[in-house]
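For reference, the chains in residue letters:
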Amino acid sequence: MAEAVVKRIKLGSQGLEVSAQGLGCMGMSAAYGPSNPEPDMIALIHHAIDSGVTFLDTSDLYGPHTNEILLGKALKEGMRERVELATKFGISVADGKRELRGDPAYVRAACEASLKRLDVDHIDLYYQHRIDTRIPIEVTMGELKKLVEEGKIKYVGLSEASASTIRRAHAVQPITAVQLEWSLWTRDVEEDIVPTCRELGIGIVAYSPLGRGFFSSGPKLVENLSKDDFRQYLPRFQPENLEHNKSLFERVNEMAAKKGCTPSQLALAWVHHQGDDVCPIPGTTKIENFNQNIGALSVKLTPEEITELESLATADAVKGDRYGGLTTTYKESETPPLSSWKAV
């Protein structure tokens, strides 16, 4: 397969331009087992940038904080100008307890702290990671609007927000991108959220486009999970569900073999074929896996192949909830009306 050329796309209608595929950096520092050696991760980030993948995704939650510090170190020596840097706020971790926060004072403090850890003077795309359902979304957006006006952030995003929350937020401060889980085994966003984003001119950033590694390794993925890998707690990876879910991997694997690509490349190519307003951000900690991921950009699917893949990836093809209560999702993102707000 010829070396992939990473094209540029416009993400949303506010002016942000990014690489058509991004790099999710969470797994370098958190969630998927022990953190990785810093020099190796910096080398991977530099390799990604040199390969044309310049849209880097992190959060103050990852570590917490250590992933932003890692990116700050990686973006020294002329690298900052070459990337579109996205980070997130909204999940506060104190004394091991998580709390969702969208109050204005917290929004500002979180942004200042991220700027310091990343060692940059502005953040290109700043997402609310999860919605604080105690605070009207308009109030949170009002503070983000001020941060845009001050030049501390360039563009605003939401993660795991419902269609109505997106609409309300966008009316206060134009939303550039919505981050959501979208893959061959998570397609519920196609019903309401994706059409809403398209109506409003909002870009779509697809996280976990490989089903948290499921489309890379299939069911055998669970055999190698370390004790601090949170995937071992996710419903879809539990034995009773995995036995059912493996048939989806097997069918995708069969199609990939005929196509001359890997199952992960086929699954990722499907996300790319959803439109030029969609940017998947697969994560990895290995340069060879990264190279395989950008190879997905060269996999062209016919309308018949897309139809076949989608006929395999129906709602009943996958058993198990996405998170099983480990975190909130867009389904729990409605906030009170602005009229109920009394600023403290």
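Everything below is about the structure printed above this text.
Source: prediction; values computed, not measured.

Analysis parameters
Residues numbered from 1 in each chain as written. Predicted model: local features only at pLDDT ≥ 70, side-chain atom pairs only at ≥ 80, totals over all residues. Heavy atoms only, no water. Core = buried A, V, L, I, M, F, W, Y, C linked by side-chain atoms within 4.5 Å. Buried < 20%, exposed > 50% of the residue type's maximum accessible area, 1.4 Å probe, protein only. Helix = DSSP H or I, 4+ residues; strand = E, 2+ residues; numbered from the N terminus. Polar contact = N/O pair within 3.5 Å; in protein donor to acceptor, adjacent residues only side chain to side chain. Contact = heavy atoms within 4.5 Å. Axes fitted to C-alpha atoms, helices over the stretch in contact; angles between N-to-C directions. Parallel < 35°, antiparallel > 145°, perpendicular 65-115°, else oblique. Left-handed = near helix turned anticlockwise from the far one by under 90°. Nonpolar A, V, L, I, M, F, W, Y, C, P; charged D, E, K, R; others polar. Salt bridge = Lys/Arg side-chain N within 4 Å of Asp/Glu carboxyl O. Pairing = 2+ DSSP bridges. Right-handed = clockwise from strand over helix to strand, strands pointing away.

1. Here's the deal with the nonpolar core
Part 1: By size, the foremost hydrophobic cluster in this structure holds 103 residues, and its most contacted members are Leu11, Phe55, Leu56, Leu125, Leu144, Leu158 and Trp182.
Part 2: If you look at the next biggest cluster of nonpolar residues, it comprises 5 residues, including Met26, Ala30, Tyr62 and Ile91.

2. Concerning the side chain of serine 59
Part 1: Along the chain, the position of serine 59 falls in the loop between β4 (55-57) and α3 (66-74).
Part 2: Within the local environment of serine 59, its side chain forms a polar contact with the backbone nitrogen of leucine 61, the two atoms lying 3.0 Å apart.
Part 3: For serine 59, the residues in contact, after removing those within four places along its chain, are Glu68, Thr87, Lys88 and His129.

3. Looking at the packing of helix α4 (residues 104-118) against helix α5 (residues 137-149)
Part 1: At their nearest, the axes of α4 and α5 sit 9 Å apart, and the two run at 40 degrees to each other. Taken together, the axes of α4 and α5 lie oblique to each other. As α4 packs across α5, the resulting crossing turns out to be right-handed. Contacts between α4 and α5 involve Pro104, Val107, Arg108 and Cys111 from the former and Val139, Thr140, Glu143, Leu144, Lys146 and Leu147 from the latter.
Part 2: Grouping the amino acids of the contact of α4 with α5 by side-chain chemistry returns 6 nonpolar, 1 polar and 3 charged.

4. Quick look at the packing of helix α9 (residues 239-259) against helix α12 (residues 303-312)
Part 1: It is the contact of α9 with α12, at a shortest axis distance of 10 Å, that shows an interaxial angle of 165 degrees. Of the possible angle classes, the one that applies to α9 and α12 is roughly antiparallel. Between α9 and α12 lies a crossing of right-handed hand. Touching Leu248, Arg251, Val252, Met255 and Lys259 of α9 are Glu305, Glu308, Leu309 and Leu312, all from α12.

5. Focus on the pattern of salt bridges
A side chain of one charge can pair with a side chain of the opposite charge when the charged atoms of the two come close.
Part 1: A complete count under the given rule lists 29 salt bridges for this structure.
Part 2: When the shortest N-O distance is used, the salt bridge between aspartate 276 and lysine 7 registers 3.0 Å. With a gap of 269 residues between them, aspartate 276 in the loop between α10 (263-272) and β12 (278-280) and lysine 7 in the segment before β1 (8-10) connect regions that are remote in the sequence.
Part 3: Taken together, the shared-partner salt bridges in this structure form one network comprising Arg108, Glu112, Glu143, Lys146, Glu150 and Lys152.

6. Considerations on the pairing of strand β9 (residues 153-159)
Part 1: Of all 7 residues in β9, 6 are buried; the element is thus mostly enclosed.
Part 2: Judged from the 5 bridges that link them, strand β8 (residues 123-128) and β9 form a sheet pairing that is parallel. Across the sheet, the residue bridging to tyrosine 127 is glycine 157, located in β9.
Part 3: Viewed along the sheet, the connection from β8 through α5 into β9 turns out right-handed.
Part 4: Running through helix α6 (residues 163-172), the crossover from β9 to the neighbouring parallel element strand β10 (residues 175-181) is right-handed.

7. What about the environment of glutamate 84?
Part 1: Positionally, glutamate 84 belongs in strand β5 (residues 84-89).
Part 2: Assessed through its relative accessible area of 9%, glutamate 84 is described here as buried.
Part 3: As for glutamate 84 and valine 252, which are separated by 168 residues in sequence, their C-alpha atoms are 32 Å apart.
Part 4: Excluding residues within four positions of it along the chain, glutamate 84 makes contact with Arg8, Leu16, Glu17, Val18, Ser19, Thr54, Phe55, Leu56 and Asp124.
Part 5: Within the local environment of glutamate 84, its side chain forms a polar contact with the side chain of arginine 8, the two groups lying 3.0 Å apart.
Part 6: Within polar-contact distance, the side chain of glutamate 84 engages the side chain of threonine 54 at 2.7 Å.

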